Amino acid sequence: MAGKRSRPIKVYREGDLLSAFGADLLAGHGLFVPSLLLRAYKRIGLSDLGMMIVLQLLCLRLEEGKLHVRPEDLAEYLTAGVEEIASELERLQEKKILGLAEYYVEGQKMVGFDFQPFFEKLAEIWALSRSSELEAIKQEGKEERGGLFDAEFGQLYSLFEQEFGRPLSPLEAEQILKWRQEMPPELVREALRRAVLMGKRNFKYIGSILSEWRKNNLKTLAEVEEYDRQFEAGRQRRKKKAEKETEGNRDKKRALIKSLYLS
């Protein structure tokens, strides 16, 4: 097992205890606890003690690299007694919140706690939460913008899911809703079509297409096609001009060589 990690120590001015405490608090190692976990651990099946045990195990894994921790070791950090901690550890494994797995450290096989079941349960809570948010977005669009708008948004949403080949996240749904507010739906569909043809199925690329059209005040497919035609014509003119300049430079070079060697 890895030993406790060291960190730099700074010498502070005498009497500067408060600032020294703040600096050391920020410089020390820490464990990020997402708000989702704090709000959902009861739904996962964790008791208050179980939650603290999981957090302590995670902290000891990150801070000291400990793969397996005894109840006696955990009792140093918790108010619960050794027997209570041992019983709770058994319950966590029975509920399949914590598991045991084999690890290899410097060529040696060791058994340690496995957090994958814990994160799988937390991911299920997250997925259900995201699904509820998406339904709320759809309902908000229906209530605030009327049936016609909701139908347009629903068609665009379904088309994006079909082309992306996966469910969309609530943030992606919000982006489609925003595009629907800013642009005619046929332009959003056309931008998606072009992105698919280019093999760039991502919202950033689609957004760049729509941004270009919005910047040039294009509101119909006919205007987009005319814009493309003029852009291509301009590109061809620039290409011919460049080719003509290149040919002119070659003629000058040939004339110079001829003057040098045939004079």
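Everything in this summary refers to the structure shown in the same document. Since this is a predicted model, take the numbers as computed values, not measurements.

About the thresholds
- Residues numbered from 1 in each chain as written.
- Predicted model: local features only at pLDDT ≥ 70, side-chain atom pairs only at ≥ 80, totals over all residues.
- Heavy atoms only, no water.
- Helix = DSSP H or I, 4+ residues; strand = E, 2+ residues; numbered from the N terminus.
- Buried < 20%, exposed > 50% of the residue type's maximum accessible area, 1.4 Å probe, protein only.
- Areas by Shrake-Rupley, 256 points an atom, 1.4 Å probe, with all protein chains shown as cover.
- Expected span 1.5 Å × (residues − 1).
- Core = buried A, V, L, I, M, F, W, Y, C linked by side-chain atoms within 4.5 Å.
- Contact = heavy atoms within 4.5 Å.

We now examine the overall build of the protein chain. The number of helices and strands found in the protein chain is 10 helices and 2 strands. Reading the helices (α) and strands (β) of the protein chain from amino to carboxyl end gives α-α-α-α-α-β-β-α-α-α-α-α. A burial count over the protein chain gives 29% of its 263 residues as buried. Roughly 18,300 Å² of accessible area belongs to the protein chain as shown, and the carbon and sulfur atoms make up 54% of that amount.

Time to look at helix α8 (residues 185–197). Between its first and last C-alpha atoms α8 spans 18 Å; for 13 residues at 1.5 Å apiece the expected length is 18 Å, and the two agree. Where α8 is concerned, the buried positions are Pro185, Leu187, Val188, Glu190, Ala191, Leu192, Ala195 and Val196. Trailing α8 by a residue or two, Gly199 shows a phi angle of about 70°, which is positive.

A general feature of soluble globular proteins is that nonpolar side chains tend to end up buried together. Core analysis: the largest hydrophobic core is formed by 27 residues, its most contacted members being Leu46, Ile53, Leu57, Leu74, Leu89 and Leu92. Counting only elements with at least two residues in this core, the list comes to α2 (35–44), α3 (48–64), α5 (82–94) and α6 (116–164). With 8 residues, α3 is the single largest residue contributor to this core. Those residues within four positions of Leu46 in sequence are excluded, and the remaining contacts are Tyr41, Met51, Val54, Leu92, Ile97 and Phe118. Within the second largest apolar cluster, 24 residues are counted, among which are Phe160, Leu168, Leu210 and Val224.

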